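Residue-level structural notes
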Amino acid sequence: MDEKKAVIILFGGSGDLAKRKLYPALFQLFNRGELQDHFAVIGTARRPWSDDYYQEIVTAAVTNLPQATPKKVAAFASHFYYQSHDVTDAEHYVTLKTLAQKLDDKYGVGGNRLYYMAMAPNFFGTIASHLKSEKLLTDDGFNRLVIEKPFGHDYESAKTLNDSISATFNEDQIYRIDHYLGKEMIQALLALRFGNQFFEPVWSNKYIDNIQVTLAEVVGVEERAGYYETAGALRDMVQNHIMQLLAYLTMKKPTAFTADAVHAAKDEVFNALHPYTVAEASANFIRAQYTEATIDGKTVPGYRQEDGVAPDSMTETFVAGKLQLDMPEWRGVPIYVRTGKRLTQKSTQVTITFKPTAPNIFAANGENKPNQLTIYVEPKEGYSLQINGKNMGQEFELENETLSFTHDDKSVNKAPEAYERLLLDALSGNQTNFTHWTELAQTWQFVDVIRKAWDQMPNMPTYAAGTMGPVAAAALLEADGHHWVFQP
Ligand code: BG6
């Protein structure tokens, strides 16, 4: 295996994401030998930490991982350096540049730089322009920018951000993170759709009746009210994760399994998103906020009672909606999506319901149920396919049967975490699992109309914590003669 060589400059080195996700992911890459001797990480943040203290933080973040021996952890942590940094101060970038060059020489990195923005998004643009003005980008080796969500707040702010990072980095140097694209079962969707002869021909409005996507969470707003109050479920989950999932579910077969071809296929889907007027958006998308409830004898606060949330907050914690694609293959197929916090259980899953067979020659032989394919993304990872069989016996009676496959716990635990995968992709120069600007532009424009519709509505509907959302979410499907297949 070729070890990856880079100086990784992490903006937001003292942050929660770095501790919870990035240090463990880097450790796993180190453990797997993807990172060995020729790398260094410079953590930056405002706090005046020493290298030693920073290394203690990194050590604490990885020490409980299954493969972490004290020796390995010490070797790993020795690659970490800290620089206290004011992102608005040009002088600090000069110091950063000198340190990066010093570490490049020390570890024999060859000029490769990965700039990772994992901090408050309002500074992303400032950082990118200083990287250019203070000439941090190297002439030899690669220079790549990894940028966390939220990528903007609406189309305008996303465009401003994109313009500012594009002044320093070309599109092929920008790696916009959507961690759902690093998930095993999201990637597996491509294998399922394009690696099987029998799904491809039936994957269109000729045979598919409707598609349902659920991203349900049990957690509430946690300690993230500051961010969540400005986002809400629509911006937090729909504009990014749900849209990406939708593209993988509906895109045409890419001409090749390459980043360019996959992005081109996704673009076609986003271009075909049926645009709603404000009135259509309010008819097709509903929102709600969770209220206090007692779950298993424990009282869970309502959203407006959470720390950091305004008592009259109009931020939605639940969204359900219907999307349509203006593509010949998908015209007439409703795509229902929903996501929310404080729902019944954590589950990300997709159900594809096929049309009934026609003509049905078994009208007198029991119920000929439509085929249903469910893709379990998380925490269960696998598939199930509902088919019609015949029950055992003399009579000819149809019987609904399930073919199912679930990855076992051992394989699930062994598989790389989304961040591990995505960091390796960025270090390897593979952009397949990152989002392009064109995708974000389209999805923000779509979502902005829904936002506008809701902003004109004075009332915030509610649902009790621990349920699957408001009745309006069920009504949305009932109006079309459908129901949510996944009903925990
Ligand atoms: C993040 C959102 O992008 O995704 C969070 O900001 C959410 O609010 C999280 O909890 C869900 O991710 P996962 O991987 O737990 O499904």
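Residues numbered from 1 in each chain as written. Predicted model: local features only at pLDDT ≥ 70, side-chain atom pairs only at ≥ 80, totals over all residues. Heavy atoms only, no water.

What counts here: UniProt positions are given in the numbering used here, feature names are shortened, and annotations may be inferred rather than shown by experiment.
Looking at an unreviewed UniProt entry, the protein carries the name Glucose-6-phosphate 1-dehydrogenase, with the source organism given as Lacticaseibacillus saniviri JCM 17471 = DSM 24301. In its Function (unreviewed entry) section, the UniProt record describing the protein reads: "Catalyzes the oxidation of glucose 6-phosphate to 6-phosphogluconolactone."

1. Here we look at the sheet that holds strand β16 (residues 398-406)
The strands that make up a sheet pair up through hydrogen bonds in the backbone, lying either parallel or antiparallel. The criterion, for reference: Any two strands are treated as partners once DSSP identifies two or more bridges connecting them. Each helix is a run of H or I in the DSSP string that is no shorter than four residues. Each strand is a run of E no shorter than two, and both are numbered from the N terminus. For helices, the axis comes from a line fit to the C-alpha atoms of the stretch in contact; other axes are also lines fit to C-alpha atoms, and the angle between any two N-to-C directions lies between 0 and 180 degrees. Any two residues having at least one pair of non-hydrogen atoms within 4.5 Å are treated as being in contact.
Pairing is mixed in the open sheet, where nine strands are placed in the order β16-β15-β14-β13-β7-β12-β11-β8-β17. A strand with exactly one partner marks an edge of an open sheet, and here the two such strands are β16 and β17 (462-464). For this sheet, the mean angle separating the axes of adjacent strands, direction not counted, is 20 degrees. Across the sheet, helix α13 (residues 437-455) lies against β8 (285-291) and β11 (318-323), angled at about 65 degrees from β8, the strand it touches most.

2. With respect to the domain arrangement of the protein
Rule in force here: The domain boundaries here were taken from an automatic or database domain assignment.
Domain boundaries assigned for the protein yield domain 1 (6-148) and domain 2 (181-418 + 435-479). Measuring from the centre of the C-alpha atoms in domain 1 to the corresponding centre in domain 2 gives 35 Å.

3. Remarks on the site of the ligand
Our working rule: Definition of nearness: a residue and a molecule or strand are near each other if at least one heavy atom of the residue lies within 4 Å of the molecule or strand. Pairs of N or O atoms within 3.5 Å make up the polar contacts considered here, provided that, within protein, one atom can donate a hydrogen while the other can accept it, and that residues adjacent in sequence are counted only when both atoms are side-chain atoms. Accessibility throughout is a Shrake-Rupley quantity obtained with a 1.4 Å probe, and a residue counts as covered only by protein chains that appear here. Gly is put with the polar residues, along with every residue not named as nonpolar or charged; the nonpolar set is Ala, Val, Leu, Ile, Met, Phe, Trp, Tyr, Cys and Pro, and the charged set is Asp, Glu, Lys and Arg.
Neighbouring the ligand are K149, H179, Y180, K183, E217, R224, D236, M237, H241, K341 and K346. At a separation of 2.8 Å, an oxygen atom of the ligand approaches a polar side-chain atom of H179. Measuring from an oxygen atom of the ligand, one finds a side-chain N or O atom of E217 at 2.5 Å. Against a free-state accessible area of 390 Å², the protein chains account for coverage of 82% of the ligand. Class assignment for the residues of the shell around the ligand results in two nonpolar, two polar and seven charged.

4. Considering the UniProt feature "binding site: substrate" (unreviewed entry) in the protein
The criterion, for reference: Any residue under 20% of the maximum accessible area for its type is buried, any over 50% is exposed, and the rest in between are partly exposed; the area is computed with a 1.4 Å probe on protein chains only.
If you check UniProt for "binding site: substrate" (unreviewed entry), the listed places come out as H179, K183, E217, D236, K341 and K346 in our numbering. Looking at the element boundaries, H179 is found in the loop between β6 (174-176) and α7 (184-194). By relative accessible area, H179 is classed as partly exposed at 25%. With sequence-adjacent residues up to four places away left out, K341 is seen in contact with E217, V219, G220, V221, R224, Y228, D236, Y290, T317 and Y463.

5. Focus on the nonpolar core
Rules: Only buried residues count toward a nonpolar core. Its members are Ala, Val, Leu, Ile, Met, Phe, Trp, Tyr and Cys residues joined through side-chain atoms within 4.5 Å.
Judged by nonpolar contacts, the single largest core of 113 residues is most densely connected at I211, L249, F285, L323, I352, I375 and F446. Examining the composition of this core, we find that 13 residues originate from one element, helix α8 (residues 225-250), more than from any other. Of the residues that make up this core, three or more belong to each of domain 1 (6-148) and domain 2 (181-418 + 435-479). Leave out the neighbours within four places in its chain, and L323 touches M243, L246, L273, Y276, F285, V333, P334, I335, V337 and F446. A6, L22, A45 and V62 belong to the second largest nonpolar core, which has 41 residues in total.

6. As for the layout of surface pockets
Inclusion rule: Buried and open spaces are told apart on a 1 Å grid over the protein atoms alone, a cavity being a set of points where a 1.4 Å probe fits but cannot get out and a pocket being an open set with protein on both sides within 12 Å along at least five of seven lines. Residues with an atom within 4 Å of a point are the lining residues. Grid points are joined across faces, edges and corners, and a volume is the space filled by probe spheres set on the points.
Of the volumes computed, that of the second largest pocket is approximately 250 Å³. F198, F199, V202, K206, Y207, F354, K355, P356, T357, A358, N371 and L385 together form the lining of the second largest pocket.

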